[in-house]
Amino acid sequence: MKTIDDLPFLNFLTPEFEADPAKVINALRPISKIVRTPIGVLVIERQAVESLLADPRLESSLLNFVQMQGVLEGPIFEALSRSLLAVDGEDHSRLRKLVSRAFTPRSVERLRPSMRSLSEKLVADFAAKGRCEFMTAFADQYPIQMICELLGVPSEDHDKFARWSNAITWVLSFEIAARMDEIVAGFEGLAAYIDALIEERRAEPRDDLVSALILAEDGGDRLDGDELRSLIASLLFAGYDTTRNQLGISMFLFCENPEQWERLRAEPALAPRAVEECLRFLGTVAIAPRSAAQDLEIDGVHVPRGMLVSLSTASANHDPAAYEHPERFDVAVSRETPLTFGGGPHYCLGANLARAEMQEALPVLARRMPDLRLDGEVSWRPRTGIFGPNVLPLRFTPGTA
Ligand code: HEM
């Protein structure tokens, strides 16, 4: 059996990888399904990624990830250790079951009219100018308002939520130590707010997700106060920054492929396929991080217990064995569902919501922003963590209102 040392090495901390990860990975693809990295191994083949996402021999590595950066205890560590992404096995299924009672596909579907009207309202504020900085003008506002509406957070508090969430998002990066004060302040603000919101809804339930989570029950089992706080925080956090960045990425992809934007504008019914293609072509989340719960073998390679095993959904989404001409961005072609929302027990809880938000927003944007193109330099977030543009200046011809 081969060992880790026999694997090709991929250093994701190099400028070459930062500039074009696909190029680096494509060069390794014919050699191996799994490669060695500075922090463990990375699985790059689609079939292997898909089956390992559901493999109980791998467990969440969220806590290893923060421990590696020196965070071993304290409120952030405690909160993360209770989050859905950090728990496995029966504890995880119990939480998932209770959340799924409250966060149903129906609760997402009924938000579609709000998604459409909010998209129209946001775009109306800048459409006549023929230019915008897309992240501030649209992406910063749309997903946060939708997740807050779903949870039942009053509109005057949405900005506060966005600020806390922006601070907490650094927990998923390699900058935890440098950003610790920011993360703690964001976390404390959010936790106090959520506790107050839970108390209000306990006293007076409403038709919103916070009330539904409080009331969710499975055979007499319910979520306790800590679990509720942690779940609401992770819904907000996971539901804002991801969709916001995926929207920014999508607009960038359409600038690079103007004929595809025109195609979507002419045929808004292509929106669901267009969303899948954006998710596949460049996802805001590139890997599902895991660690080996026991010694195991992956493609003839011995992986020792405790080793970090990152599953590259980004690479899987470009595997030529699963996608014909993976390098082509085509909103009209029918393809295998991308793995950008992960898979197995931790499959993204908000996939329905994220898809619906993008399916409603993109046709509105395409109608109001024809001849879309870049209007200056795009600055990007680092590729480790939630990826997307920091700044995305766009130009277009004002379209029909
Ligand atoms: C484009 C947008 C989104 C992307 C690309 C995305 C991606 C992902 C991925 C890859 C995972 C699994 C991670 C893993 O297995 O390690 C995940 C989990 C999760 N996502 Fe999303 N997500 C998005 C939007 C959302 C939204 C809108 C929400 C909530 C409202 C949400 C809530 C969650 C939660 C709670 C989990 C943890 C599930 C669990 O561990 O059981 N996500 N997401």
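Here, every reference points to the structure presented above.
Caption draft 1: View of unusual backbone geometry. One non-glycine residue with positive phi stands out, namely aspartate 299, at about 50 degrees. By the element assignment, aspartate 299 lies in the loop between strand 6 (296-298) and strand 7 (301-303). With a phi angle near 45 degrees, histidine 325 is a residue other than glycine that sits in the positive phi range. Judged by local crowding, histidine 325 falls into the exposed class, with 10 C-beta atoms found within 10 Å.

Caption draft 2: Structural detail: the sheet that holds strand 1 (residues 34-37). Read across the open sheet, the five strands follow the order 1-2-8-5-3; overall the sheet is mixed. On the outer flanks of this sheet lie strand 1 and strand 3 (58-60), each paired with one strand and no other. Across the sheet, the mean angle separating the axes of adjacent strands is 35 degrees when strand polarity is ignored. Of the pairings in the sheet, the one linking strand 3 to strand 5 (residues 287-292) comprises three bridges and is antiparallel in character. Each bridged residue has a counterpart across the sheet, and for leucine 58 the counterpart in strand 5 is alanine 292. Contacting strand 2 (40-43), strand 3, strand 5 and strand 8 (308-312), helix 3 (residues 46-53) crosses the sheet at an angle of about 120 degrees to strand 8.

Caption draft 3: Local environment of the site of the ligand. Taken together, 24 residues lie near the ligand, and Ala238, Gly239, Gly342, Cys348 and Gly350 sit nearest. Those elements that place two or more of their residues in the shell around the ligand are helix 14 (225-256) and helix 18 (351-368). Here the shell around the ligand gets seven residues from one element, more than from any other, and that element is helix 14. A breakdown of the residues in the shell around the ligand according to their chemical character gives 12 nonpolar, 11 polar and one charged.

Caption draft 4: Fine view of the sheet that holds strand 4 (residues 131-133). Read across the sheet, three strands follow the order 4-12-9 without closing on themselves; strand pairing throughout is antiparallel. Both outer strands of the open sheet, strand 4 and strand 9 (373-374), are each paired with one neighbouring strand and no more. Where strand 4 lies against strand 12 (residues 393-395), three bridges are found, and the strand directions are antiparallel. Bridge assignment links glutamate 133 to a residue of strand 12, and that residue is proline 393.

Caption draft 5: The arrangement of helix 16 (residues 271-281) in detail. Burial analysis of helix 16 places nine of its 11 residues in the buried class, the great majority of the element. All of the buried residues in helix 16 are Ala271, Ala274, Val275, Glu276, Glu277, Cys278, Leu279, Arg280 and Phe281. Against helix 14, helix 15 (258-266) and helix 18 lie the buried residues of helix 16.

Caption draft 6: Spotlight on the pairing of strand 5. With five of six residues buried, strand 5 is to be regarded as a mostly interior element. Strand direction decides the pairing type here: strand 5 and strand 8, joined by five bridges, are antiparallel. Residue serine 291 lies in a different strand from strand 8, and its bridge partner there is leucine 308.

Caption draft 7: Examining the packing of helix 11 (residues 158-168) against helix 12 (residues 180-203) more closely. At their nearest, the axes of helix 11 and helix 12 sit 7 Å apart, and the two run at 140 degrees to each other. As summarised for this structure, helix 11 and helix 12 are arranged oblique, according to the angle between their axes. In this structure, the crossing between helix 11 and helix 12 has a hand that is left-handed. Contacts from Trp164, Ala167 and Ile168 of helix 11 reach helix 12 at Glu182, Ile183, Ala185, Gly186, Phe187, Gly189 and Leu190.

Caption draft 8: Examining the nonpolar core more closely. Of all hydrophobic cores here, the largest spans 116 residues; its most connected members are Val43, Ile147, Leu151, Leu213, Ile232, Leu236 and Leu362. With 14 residues, the top contributor of residues to this core is helix 14. Non-local contacts of leucine 236, meaning those with residues more than four positions away in its chain, are made with Ile147, Leu151, Phe161 and Ser165.

Caption draft 9: Main features of the pairing of strand 8. Buried residues dominate strand 8, accounting for four of its five residues. With three bridges connecting them, strand 2 and strand 8 associate as parallel partners. For valine 41, the partnering residue across the bridge sits in strand 8 and is valine 309.

What counts, and where the lines are drawn
Residues numbered from 1 in each chain as written. Predicted model: local features only at pLDDT ≥ 70, side-chain atom pairs only at ≥ 80, totals over all residues. Helix = DSSP H or I, 4+ residues; strand = E, 2+ residues; numbered from the N terminus. Buried ≥ 20, exposed ≤ 12 C-beta atoms within 10 Å, placed from the backbone. Pairing = 2+ DSSP bridges. Axes fitted to C-alpha atoms, helices over the stretch in contact; angles between N-to-C directions. Contact = placed C-beta atoms within 7 Å. Near = placed C-beta within 6 Å. Nonpolar A, V, L, I, M, F, W, Y, C, P; charged D, E, K, R; others polar. Parallel < 35°, antiparallel > 145°, perpendicular 65-115°, else oblique. Left-handed = near helix turned anticlockwise from the far one by under 90°. Core = buried A, V, L, I, M, F, W, Y, C linked by C-beta atoms within 7 Å.

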